[in-house]
Amino acid sequence: MSTLRLSPATVSPKTTTTPSSSLRRRSPALRVSYRRGLSGRRGGGGALSCKMSDITAASYAQALADAAQSTSSLEGTMADIEKLEKVFSDPAATAFFSNPTILPDKKKEVIDEIVKTSELQPQTANFLGVVLDGDRIDILPEIVQEFEKSYNRLTNTEVALVSSVVRLESQDLAQIAQAVQKLTGAKNVRIKTVIDTSLVAGFTIRYGDSGSRMIDMSVKKQLEEIASNLDMPTVSLPM
């Protein structure tokens, strides 16, 4: 999934900073708090374990958001989070860090490599170290989601997921962003794009809380409406 960030008429540049060799010493301290009586560790409690994981992810994400605000690096941190989202979208990465048989030192080596190749800010690198030390690197995808929520709330940003058969041009995405901005009144709009060949042609836009609102401009939708009006089975085209 690729991401395009737009304000009223411009694409927001991503800010990156090459980390120094003394990341943790130079970065502000991160404090993670939890509700009393709840452990951040995963257990075998099914839904309860999942809920506790969500609380832990929210705590880590809030700590990072607070640190980013205090150092006026919220935009740069969001850019780092987008890079981490891409890295940890690979199931192999999640499986590696979730594997209890892999030594912490080995995991730290991989984290250091991610920091270097992704050119993450020292503050973000420090944060990853804190998460790794807390043995919670396995929930980093959830932390990423929670941080995005905090960022969107703090910056009055609306996220729109655009699905299309082929990659849309930047000017097309900019027009979509402006349309979503008018509909929502948001100060900023972040466009995320995915390829969905089942749409046949055209595109769909999801926005609002958890993608609760949708604009469907796909040929698939048009075919379904035609079939419905003619009282025929849904038309299925060969891919």
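Residues numbered from 1 in each chain as written. Predicted model: local features only at pLDDT ≥ 70, side-chain atom pairs only at ≥ 80, totals over all residues. Heavy atoms only, no water.

Selection criterion: UniProt positions are given in the numbering used here, feature names are shortened, and annotations may be inferred rather than shown by experiment.
The name an unreviewed UniProt entry gives the chain is ATP synthase delta-subunit protein, with Rhynchospora pubera as the organism. In the Subcellular location (unreviewed entry) part of its UniProt record, the chain is described as follows: "Membrane".

**A closer look at the overall build of the chain**
Test applied: Runs of H or I in DSSP of at least four residues are treated as helices and runs of E of at least two as strands, each being numbered from the N terminus. Each residue's exposure class comes from its accessible area (1.4 Å probe, protein chains only) as a fraction of the maximum for that residue type: buried when under 20%, exposed when over 50%, partly exposed otherwise. Note on contacts: a residue pair is in contact if any heavy atoms of the two residues lie within 4.5 Å. Computed by Shrake-Rupley with a 1.4 Å probe, the accessible areas treat only the displayed protein chains as cover when residues are assessed.
Secondary structure assignment for the chain yields nine helices and five strands. Taken from the N to the C terminus, the helices and strands of the chain come in the order β-α-α-α-α-α-α-α-β-α-β-β-β-α. Looking at the 239 residues of the chain, the share that counts as buried comes to 38%. Contacts in the chain between residues at least 24 apart in sequence constitute 72% of all its contacts with a sequence separation of at least 6. For the chain, the computed accessible surface area is about 13800 Å², with 52% contributed by carbon and sulfur atoms.

**Remarks on helix 7 (residues 140-155)**
An α-helix turns once every 3.6 residues. As a result, residues three or four positions apart point the same way. To be explicit about the condition: By this rule, a helix spans an expected 1.5 Å times one less than how many residues it contains.
Taking 1.5 Å as the rise per residue, helix 7 with 16 residues should run 22 Å; its terminal C-alpha atoms sit 22 Å apart, in good agreement. Those residues of helix 7 that fall on the buried side of the exposure criterion are Leu-140, Ile-143, Val-144, Phe-147, Glu-148, Ser-150, Tyr-151, Asn-152 and Thr-155. Looking at the residues trailing helix 7, positive phi occurs at Asn-156, about 50°.

**Notes on the packing of aromatic side chains**
For clarity, the threshold we go by: Stacked, tilted and edge-to-face are the three classes applied to pairs of Phe, Tyr and Trp rings, where Trp contributes its six-membered ring and a pair requires centres within 6.5 Å; stacked means planes under 30 degrees apart, edge-to-face means over 60, and tilted covers the rest.
A complete count under the given rule lists three aromatic pairs for this structure. For the pair Tyr-60 and Phe-127, a centre-to-centre distance of 6.3 Å together with 75° between the ring planes defines the contact as edge-to-face. With Tyr-60 in helix 2 (residues 47-70) and Phe-127 in helix 6 (residues 122-133), this pair connects stretches of sequence that are 67 residues apart. Of the two residues, Tyr-60 and Phe-127, both sit in the buried class. Look at Phe-96 and Phe-97: their rings are 5.0 Å apart centre to centre, the planes differ by 90°, and that puts the pair in the edge-to-face class. By relative accessible area, which is 22% here, Phe-96 ends up partly exposed. Here a set of aromatic residues connected by ring pairs shows up, and it is made of Phe-88, Phe-96 and Phe-97.

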